[in-house]
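Fold and contact review
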Amino acid sequence: MAWTNTENDTADVLVIGGGTGGYSAALRAAALGLEVVLAERDLVGGTCLHRGCVPSKAMLHAAELVDGIAEARERWGVKASLESVDWASLVATRNDIVTRNHRGVEGRLAQAGVRVVRGSAGLTGPRSARIDGYGEVVARRGVVLATGSRPRMLPGVVADGLRVVTSDDALYAPGLPGSVLVVGGGAIGVEYASFHRSMGADVILVEAADRLVPLEDAEVSRHLTRGLKKRGIRVETGARLLETAVVEDGVRAVVRTARGETVTVAAERLLVAVGREPVTEGLGLAAAGLATDGRGHVAPADWARLETVVPGIHVVGDLLPPPSLGLAHASFAEGLLVAETLAGLRTPPVDYATVPRVTYSSPQTATVGLTEAQARDAGHDVVVNSLPLTAVAKGMVHGRGGLVKVVAERAGRVLGVHLVGPHVSEMVAESQLVVGWEAEAGDVAHHIHPHPTLSEAVGEAFLTLAGRGLHQQR
């Protein structure tokens, strides 16, 4: 349905931006009986649905299938072989998944009675905004800013969508390159390095920090790096990209390594994954009495309500500075919180310390809570237990290594759980409950984990901390 407006329109809530944070706020507000207008200049679903989470995980699943053929042949004696990867067919399947999700979100918004208006919106005051091609909307209760983010680029590097790509367009570039230089060793860069290696590319992964996924626990980082190197990915940490040039057959880059060497790297494609920056141009922040911080975020004055210094204007998603995490599932929670706040409900604030963080590479990482270093820096009397996934039978079946690490107070609550290995993204929800409910190791140790599963390793780690371990002694 196309909405038209020739004069001023009113609604209880105006949401600017239709990504995960925006449409979750719109749906929840509508469910609570509020009249909602949602302005989106592109496609509802935002980066996560169309260029990030969903399509990238679809492609990573395909990569896992490719890796499985090699494992079947080399480890299990299954005489299988990979003839080729039909890129067009793979892309068609991915696009079908995205399209069906997109239609589902659009249908749900329509069913909820949310008026979705296509167009860029700019604030004209504390409770109003003008939407291109539609007109002005006045919000009786409040405005939700959810305009998201875009890839951050390196100085002097220009993406062309073919030889030099960002995380937004990497999966939409034509064909599979034979070699890729990935700059950025956070979750996004690691995932794309993993995908391209599975698809047969030679991959070099460059990270400026002294280790990959530097926000995660150091032990997890070491295991992840070991796993990527074992797969043939060249990892250069503590390294800097000095210069790049697009040439006829790809790119040439000069990299300074942590060893002080200056090396020239040739690759068919350069993939830049050095973070994301908020999108605020044209948003009219000044007209509403708002400004961004030094990195372009719009900071809330009240984190419990995600409300800015201007009463009635709330922020969700990638516009928020830390401790918000720029993760889709955190944006969902933020959208629900703001909608319920605008409806007059008292909702607990988002607990960012218990938001799970996942890297969907091979191996995967999945963590929640404090790292060992963070716990010690915070002054906790810390006890730590690490257990290899191969300590349990299912870990041996998978045969790809991995780790469970639990960080807890001595004779106290669990502060963090850190996982690395196959399928650990599906195991971290339990750990969120453990950390979020401030459980102690002894509490968790009384719960029975099914056998044989990878989750047994989590259970065994807690049993050992509680002094009841069968396969591991402290």
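Model, not experiment: these values are computed from the prediction.

What to know about empty space enclosed by the protein
A complete count under the given rule lists one cavity of 30 Å³ or more for this structure. Considering only enclosed or pocket space, the largest cavity measures out at about 40 Å³ in volume. Ser56, Met59, Leu60, Leu171, Glu191, Tyr192 and Phe195 are the residues that line the largest cavity. Of the residues that constitute the lining of the largest cavity, the class distribution is five nonpolar, one polar and one charged.

Description of the pattern of salt bridges
Summed over the entire model, instances satisfying the criterion amount to 30 salt bridges. Among the salt bridges present, the one from Asp249 reaches Arg252, with a minimum N-O distance of 3.6 Å. A single network of salt bridges, built from pairs that share partners, joins Asp9, Asp12, Glu35, Arg115 and Arg140.

Details of the sheet that holds strand 13 (residues 250–256)
Reading across from one edge, 12-13-14 is the order of the three strands in this open sheet, with antiparallel pairing throughout. At either margin of the open sheet sits one strand with a lone partner, and together these are strand 12 (240–247) and strand 14 (262–267). Averaged over all neighbouring strand pairs, the angle between strand axes comes to 20°, with direction disregarded. Both strand 13 and strand 14 contribute to a ladder of six bridges, which runs antiparallel. Looking at the pairing, Val255 lines up with Val263 of strand 14.

A look at the sheet that holds strand 10 (residues 202–207)
The strands that make up a sheet are held in pairs by hydrogen bonds between backbone atoms, and each pair lies either parallel or antiparallel. Here we have five strands laid out as an open sheet, ordered 8-15-9-10-11, and parallel in their pairing. Lying at the two open borders of the sheet, with one neighbouring strand each, are strand 8 (164–166) and strand 11 (234–237). On average, each strand axis in the sheet is inclined to that of its neighbour by 20°, with strand direction left out of account. Here strand 9 (residues 179–183) pairs with strand 10 via five bridges, running parallel. Bridge pairing in strand 10 places Val183 opposite Val206. Sitting on the sheet, helix 5 (residues 187–198) touches strand 9, strand 10 and strand 15 (269–272), and the angle it makes with strand 10 is about 170°.

Cut-off values and rules
- Residues numbered from 1 in each chain as written.
- Predicted model: local features only at pLDDT ≥ 70, side-chain atom pairs only at ≥ 80, totals over all residues.
- Heavy atoms only, no water.
- 1 Å grid on protein atoms, 1.4 Å probe; cavity = no way out; pocket = protein on both sides within 12 Å on 5 of 7 lines; lining within 4 Å.
- Points joined across faces, edges and corners; volume = space filled by probe spheres on them.
- Nonpolar A, V, L, I, M, F, W, Y, C, P; charged D, E, K, R; others polar.
- Salt bridge = Lys/Arg side-chain N within 4 Å of Asp/Glu carboxyl O.
- Pairing = 2+ DSSP bridges.
- Helix = DSSP H or I, 4+ residues; strand = E, 2+ residues; numbered from the N terminus.
- Axes fitted to C-alpha atoms, helices over the stretch in contact; angles between N-to-C directions.
- Contact = heavy atoms within 4.5 Å.

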